[in-house]
Every structure is written in structure tokens, then in C-alpha cells.
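Analysis of the macromolecular model
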Amino acid sequence: MKHTLRAGTGEIMQYAVHGYNDNTIRFILRYPGTVDAEAMRQAVRAVVFSVDVLHASFQPGRLRARWKVNPEMAEENFFTCLQVEDPWETAVARALEPVSPDGACQLRCALVRSTEESLLVVSISHLCADGIDGKYLLGKLTEAYGRIRSGDEAGLKVKNGSRAAEQIYERLSRREMRTLMHSPLGGVKTEFPYPTGEHGEPRLTLRMIPAGVMASARRRAKAEQASVNDLLLAACYQAFAQVAGLGDGTPVSVMGMMDLRKHCIGGDSAGLCNMSGSLCTTLREGVAEDLAQTLARVARQTRAAKEEPLAGLVGMPLVHGAARILPMSVLLRCVGRLYGSFSIGLTNLGSIDCEALALDGLKPTAGVFGGPVKKKPGMQVSAASFDGACTLCVAGQYTREDALVLRSLLDGMAEHIARYAENA
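Reference entry: report on the structure contained in this document. (Residues numbered from 1 in each chain as written. Predicted model: local features only at pLDDT ≥ 70, side-chain atom pairs only at ≥ 80, totals over all residues. Heavy atoms only, no water.)

Thoughts on the environment of Gly-197
Mapped onto the elements of the fold, Gly-197 is located in the loop between α5 (174–179) and β8 (201–209). Look at Gly-197 and you get exposed, because its relative accessible area is 76%. As for Gly-197 and Gln-397, which are separated by 200 residues in sequence, their C-alpha atoms are 11 Å apart. (Helix = DSSP H or I, 4+ residues; strand = E, 2+ residues; numbered from the N terminus. Buried < 20%, exposed > 50% of the residue type's maximum accessible area, 1.4 Å probe, protein only.)

Shown next as C-alpha cells:
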């Protein structure tokens with residue numbers, strides 16, 4: 001086994017924003033019963049030591065960043081089990097703890113149990129994974145747990161190939177590469193109206209939209225040639241306009257995200273990666289009167305963007321080139337200037353099949369997907385549907401006053417979708 005690994009450009013760029021978010025994605029899964037702690041400990045260990053970068057420490061260096069591979073580590077670096085009276089409160093607190101890039105391990109699991117239920121908290125370094133690969137790793141943890149319970153541990157396979165972000169444009173010609181060599185920034189700079197200037201504390205703000213409501217809303221959106229992601233984006237626009245008190249015709253922009261793996265040879269990355277790209281939508285004429293009108297405007301933009309053969313790749317060669325050649329100190333300054341341009345965002349992980357995450361026949365009854373804890377001015381809504389029920393989450397460092405406004409935003413999104421579903 002190698003003792004060090006060269007850091008990829010995607011990993012370097014994610015590290016470069018560590019002053020603005022905590023470089024961590026997180027999941028919480030709720031199980032109605034007792035999950036075996038020893039089997040889960042062994043499962044987490046099996047997954048972590050199947051992938052070199054998951055048991056490594058990031059070393060930024062001055063010119064060339066590397067990973068130091070750790071052949072062994074203490075159990076508390078990757079797994080803890082807690083028996084408590086209120087598992088939800090403890091699970092949220094655990095989920096808010098960041099995975100440090102220079103820590104011994106880049107994936108950590110906490111099993112929080114009471115006499116009636118078990119909550120599984122999985123935290124993963126954003127340098128190593130985005131939501132898509134995070135979902136993949138959840139599946140691998142479930143598989144490893146099942147194998148350990150059945151005595152078939154040897155068959156676990158986790159992708160451990162190239163982590164290079166440049167996999168997304170390996171097939172492109174020089175002419176196509178030249179068309180990508182300009183800034184990915186666009187749209188209107190829109191800031192979230194935080195009521196206080198203080199940073200506050202790390203918090204999760206959550207809102208769940210029932211499966212029945214989402215099913216009706218999905219059917220109507222599909223009939224109107226819009227995706228669920230379009231629906232969530234449109235609801236975010238509507239709710240934001242109310243929270244921010246935007247007047248008629250005020251231009252507004254929300255940064256969406258898209259999976260860039262479709263550009264890779266074979267349609268997936270060879271190893272664990274962060275391969276999320278930006279999909280900027282802008283309503284220059286302002287937010288419409290109702291969700292259906294805003295949805296039509298958003299869907300037109302996202303359809304046009306997705307039909308582009310190089311969707312999501314604009315500016316990527318510039319970003320990766322900067323990460324490859326600039327000293328870390330210069331890169332940090334550049335990132336600081338750009339960060340405010342990505343003030344409001346939404347990322348949708350899509351559907352998660354709870355049956356596929358069952359442990360000893362226990363199927364999760366609910367789940368949460370949260371992106372990195374962002375600092376002001378950033379704000380990102382993370383969405384994921386667990387057996388059809390959509391959980392909205394904002395992970396950020398903010399005050400109680402800020403939390404009330406964020407709660408209004410998520411409540412507004414849920415209410416707009418519920419009204420839209422009534423007319424399905």
C-alpha cells in the first residue's frame with residue numbers, strides 16, 4: 001500500500017473553501033429498532049479500509065497537496081455507539097461535527113440508540129465525495145453490514161480507482177475544451193437576507209414534505225414537462241421572494257447543482273470523487289405570482305442547459321488548472337473573492353430507496369441529507385426523498401434569529417409544493 005497519494009484538483013478546490021464551509025456532507029437514517037453495534041463497527045471499518053483515501057489525512061502543502069495514508073487508527077476515529085434517552089437530539093449534534101481534512105479518517109459513523117430506535121449518522125469528507133458518492137457509500141455500508149451478519153465479509157468491493165476530477169472531460173477534443181475556457185459565473189448575484197451579522201453556531205434547519213404530497217406534485221410537474229428538481233428550484237424561488245420581500249420584477253438567481261459523471265467514460269468516476277457542477281438559473285423578470293408560472297420559467301432554462309452536450313463543464317478546465325498550478329496561499333485568496341457569487345444554492349440528491357438501506361430487516365422510516373455547514377453569506381438547501389417523502393435541510397453557521405428566517409424559507413417551499421399538488 002502506498003504511504004502517500006497525490007491530491008487531485010477537485011480535492012484541492014474543495015479544501016480551498018474550508019474557510020467558508022466545513023467540507024463535510026452528512027446523512028441521518030432513522031431505524032425502528034436496535035441496530036447491532038458490533039456489526040456496524042466492522043462494516044464501517046471494512047468500507048473505510050477498502051478505499052485508500054478514506055483512511056488518509058489531507059496535507060495541503062505550499063505547492064503540492066498530498067494525502068498521507070494511515071494504515072491503522074483508533075476505533076473512535078471512524079465509529080462510536082451511544083445509548084441515550086433522546087437519540088434524535090444527539091444524532092443532530094453528531095451530524096454537525098465536521099470531518100477534518102487533516103484527520104485520520106474521512107468517513108465517520110455514529111450509531112445513536114435508545115430502547116426503541118437507532119439513528120445512524122454518517123459523515124463524509126466533501127473532498128472525497130459529493131452527495132451521489134455519499135449515497136453510494138451508504139449502500140456499501142449497508143452491504144458490508146449484511147455481509148458481516150451473514151459471515152460473507154470477503155466479497156465487499158468499493159470503487160477505488162482514479163479520483164481525478166479531469167475524468168469529466170477526457171473525451172473532449174481541443175476545440176471543445178477551448179469553448180469551456182471562460183468563467184462559469186453568471187446570473188444575478190442574490191444574497192440571503194440574514195437578519196444578523198453574527199456567524200452564530202452550526203445548526204440544522206429541517207422540513208419534511210410527506211410522500212403523498214410529493215407524489216401528486218411529481219405527477220403534475222411531469223405532465224407539465226418539468227422535473228422534481230425543477231419543482232424544488234421553483235419552490236425555492238417562490239419562498240425566497242416572500243422571505244426577502246422582493247418586489248415585482250426584481251431579478252433573482254439560485255444556483256442549482258448537477259452530477260457531472262455522465263461526462264465520464266462509462267458514465268461514472270473510477271474512484272470516489274466530488275463531481276458536482278453548477279447549474280445557474282436566473283429569473284431576470286422576477287419571480288412569478290404562483291409556483292406553476294415560476295416552474296415553467298425554471299424548467300425552460302434547465303431543459304436548455306441539460307440539452308447542451310457540455311452541460312456543467314463551463315469553466316472547469318480553468319478551475320482545475322488553477323488548482324494544479326497556483327500555490328495554496330494564492331488559491332485561498334482567489335476562492336475568497338469568488339465565494340460570495342455563490343450565495344444561494346439548492347442541491348437535490350433525488351430518491352433514496354429505504355428498502356435498499358435495511359439492516360437486519362429494519363427499514364429506515366425517515367432520513368436527512370445535509371450538505372456542508374456554510375458560513376455567511378452562503379446558504380444552501382439540500383433535498384433528498386426517502387421512500388417518496390422529501391426532506392429539506394439547511395446546514396449553516398447562524399444565530400437563532402437567522403434560524404427563524406431559514407425555517408420560514410423551508411416552510412414556504414413546503415407550502416407552495418402542497419398547494420401545487422392540490423391541483424394535480
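So that's the structure; there's more coming.
Side note on the nonpolar core
Judged by nonpolar contacts, the single largest core of 62 residues is most densely connected at Met-40, Val-44 and Trp-67. Tallying contributions element by element places helix α2 (residues 37–48) first for this core, with seven residues. Counting residues in hydrophobic clusters, the runner-up holds 44 residues, among them Phe-192, Tyr-194, Val-252 and Val-298. (Core = buried A, V, L, I, M, F, W, Y, C linked by side-chain atoms within 4.5 Å.)

Focus on the pattern of salt bridges
Under the counting rule described, the total for this entry stands at 25 salt bridges. A salt bridge links Arg-26 to Asp-22, with the nearest nitrogen and oxygen atoms 2.7 Å apart. When the shortest N-O distance is used, the salt bridge between Arg-149 and Asp-360 registers 3.1 Å. Here Arg-149, found in helix α4 (residues 131–150), pairs with Asp-360, found in the loop between β11 (344–352) and β12 (366–370); they are 211 residues apart in sequence, far enough to count as distant. (Salt bridge = Lys/Arg side-chain N within 4 Å of Asp/Glu carboxyl O.)

Here's the deal with the pairing of strand β4 (residues 66–69)
Burial along β4 is one-sided: the residues Trp-67 and Val-69 are buried and none of Arg-66 and Lys-68 is. Pairing analysis gives three bridges linking strand β1 (residues 4–6) to β4, with the strands arranged antiparallel. Looking at the pairing, Leu-5 lines up with Trp-67 of β4. Pairing analysis gives four bridges linking strand β3 (residues 56–59) to β4, with the strands arranged antiparallel. Its bridge partner being in β4, Gln-59 is matched across the sheet by Arg-66. Where β3 hands over to β4, the hairpin turn is made up of six residues, of which Gly-61 adopts a positive phi near 65 degrees. (Pairing = 2+ DSSP bridges.)

Scope: geometric values only; no functional claims are made or implied.
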